[in-house]
Number of protein chains: 2
Amino acid sequence: MRDRTPSHSARAGRSAAVSLDIVLCTPHGRHLAVLLAHAPSGDRERWTLPWAPWRGAANDSGVDESAEQCAAAALGLRPAWMTQFGAFGDAKRHPGRAALSVGYAAVTPARERDLPLGAEWFPVTALPAVAPRHKAMIETAVAALRDRMDAAPIAFRLLPTTFTLTDLQEVYELLLGRRVHKASFRRSLQGAYLVEPTDEWRSEGRGRPAQLFRYAPRKRRSGRRGVRFELLGG
Amino acid sequence: MRDRTPSHSARAGRSAAVSLDIVLCTPHGRHLAVLLAHAPSGDRERWTLPWAPWRGAANDSGVDESAEQCAAAALGLRPAWMTQFGAFGDAKRHPGRAALSVGYAAVTPARERDLPLGAEWFPVTALPAVAPRHKAMIETAVAALRDRMDAAPIAFRLLPTTFTLTDLQEVYELLLGRRVHKASFRRSLQGAYLVEPTDEWRSEGRGRPAQLFRYAPRKRRSGRRGVRFELLGG
DNA sequence: TCAATAGTGTCTGTTAGACATTATGGA
DNA sequence: TCCATAATGTCTAACAGACACTATTGA
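Attention in this report is confined to the structure presented alongside it. Nothing here was measured: the structure is a model prediction, and the numbers come from that model.

Focus on the protein's contact with DNA strand C
- Around DNA strand C, the structure places 23 residues, and the nearest of them are A:His181, A:Ser184, A:Arg187, B:Lys182 and B:Gln211.
- Counted by atom, the contact set of DNA strand C within 4 Å of the protein is 64% sugar and phosphate.
- A distance of 3.4 Å separates a base nitrogen of DNA strand C from a polar side-chain atom of A:Arg208.
- Between a base oxygen of DNA strand C and a side-chain N or O atom of B:Arg187, the distance comes to 3.3 Å.
- In terms of residue count, the dominant contributor to the surface near DNA strand C is helix α6 (residues 182-192) of chain B (4 residues).
- Along the lines of polarity and charge, the residues of the surface near DNA strand C split into 5 nonpolar, 9 polar and 9 charged.

Some thoughts on α6(B)
All names here are of chain B.
- All of the buried residues in α6 are Phe185, Leu189 and Ala192. Along the axis of α6, the buried residues cluster in a sector spanning 65 degrees; they form a single face. Projecting away from the buried face of α6 at angles above 90 degrees are the exposed residues Arg187 and Gln190.
- With its phi angle positive at about 50 degrees, Tyr193 sits one or two positions after the end of α6.

Quick word on the protein's contact with DNA strand D
- Around DNA strand D, the surrounding shell holds 22 residues, and the nearest of these are A:Thr166, A:Gln211, B:His181, B:Ser184 and B:Arg187.
- Those atoms of DNA strand D that come within 4 Å of the protein belong to sugar or phosphate at a rate of 63%.
- A:Gln211 places a main-chain nitrogen or oxygen 2.9 Å from a phosphate oxygen of DNA strand D.
- Within the backbone of B:Gly207, an N or O atom sits 3.2 Å from a base oxygen of DNA strand D.
- Elements with a minimum of two residues in the surface near DNA strand D: α6 (182-192) and β10 (210-215) of chain A together with α6 of chain B.

Observations regarding the sheet that holds β10(A)
Residue and element names in this part refer to chain A.
- Taken in spatial order, the 3 strands make up an open sheet running β8-β10-β9, and their pairing is antiparallel. At either margin of the open sheet sits one strand with a lone partner, and together these are β8 (162-164) and β9 (195-202). On average, each strand axis in the sheet is inclined to that of its neighbour by 40 degrees, with strand direction left out of account.
- Taken together, the 5 bridges between β9 and β10 define a ladder with antiparallel strand orientation. Across the sheet, the residue bridging to Trp201 is Gln211, located in β10.

Criteria and thresholds
- Residues numbered from 1 in each chain as written.
- Chains lettered and ligands numbered in written order.
- Predicted model: local features only at pLDDT ≥ 70, side-chain atom pairs only at ≥ 80, totals over all residues.
- Heavy atoms only, no water.
- Near = heavy atom within 4 Å.
- Polar contact = N/O pair within 3.5 Å; in protein donor to acceptor, adjacent residues only side chain to side chain.
- Helix = DSSP H or I, 4+ residues; strand = E, 2+ residues; numbered from the N terminus.
- Nonpolar A, V, L, I, M, F, W, Y, C, P; charged D, E, K, R; others polar.
- Buried < 20%, exposed > 50% of the residue type's maximum accessible area, 1.4 Å probe, protein only.
- Arc of directions from axis to C-beta.
- Pairing = 2+ DSSP bridges.
- Axes fitted to C-alpha atoms, helices over the stretch in contact; angles between N-to-C directions.

Below you can see the structure in the form of structure tokens.
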């Protein structure tokens, strides 16, 4: 590290304990919920994110595939969408003492199905104590979902295959953490050609029934936006 | 990995060879340039990204600090801005056979100063052959810089402390890969309160001299944007 | 004087948000 | 009937981009 030409130095010989950690999210009323698993009884915290050690690309499966397998095991089925959001390797404690933890954010629709034993959903606003590194990872993961929901179909993957436009708007509000203007939201949505109506309607108590839609992106937007400056400082 | 409750399984016992890899960028005419270092003579490719093995948080320095040290060693001074953009652990070959490579994107202004021996700038449009994993990392890093330049002062860190508005616009065009409207660009910039004028002017051949500005963010924008749908499919 | 670049004022089309209105069900 | 929710039309303010114009230097 002190060498001025690092690539001359050495092979990556010695190694570090690496974990893959999953922040799996689902809608839960007005908030997101995160999947946590019972920790072994010796642990300081009773709950942890689902995670798995990683020992290198063994059977041709890289980190991303291994993380998907870990998520599928924790949830009981494959998440609807998943992305890597960062590698954490600082002094913050990991439940498995991993030196480096690669974080994955994943989403799945709300389900009736039972979870595997020991797993449970917790609203992000009411999390139990978790290891400091897991706490940081959850915050980063939720921020990553919010930041990328305009460029990836995250909101649609948090919903079942058919949904009402109000459902969709509520998912956006839940992820963005703010209210959204209804007419404006629907205009934008229409212009983006992302959904198509089905011939089904859903009656939710009283009030006019809502039409069900499905995610069906049809057209690519030119996407030419003006230059935006959202800098806050530094 | 096959266990349904992964956190019950084990500690992160066995380990993997981890590398930190730096995609260091600077402006170079109409394009970005990336810093590459001579590879050891036994290597298949003659050039590599600056990188360093990582063996775990030794002397209280986590991955991010270690990566900064690696970047500073390769450049001869600390980069002006730096961020992690992803962890790569698939079948693609790394020059040091690292199982997992954590990638960092960094920027620095164009300099007259000499580089450390063995290091050289290459335009991203004319890169020599590098290991497949490094090729993928360079592409991801440049995309990450483009994506985040509206939320982080990346363009300003690619410039010296004082610069003309045309300089700044050219950096935006270089990162975005498209032309930008001059009057519109300056209006947006004014509204964002990000720069302040100095009392210096620079004469560039003929034509009216341009005033020099410095980066001095003063105000936070409310930032309430409407919901955007930039999805392309999938 | 001309050429070249800096910097600005005005117009127009697009769009986000506010507001109002109609539509359609259940209680 | 009344109420709640869905869905949509209209107005306005903000803004991006086009265009034209002025300003100031060197050749």
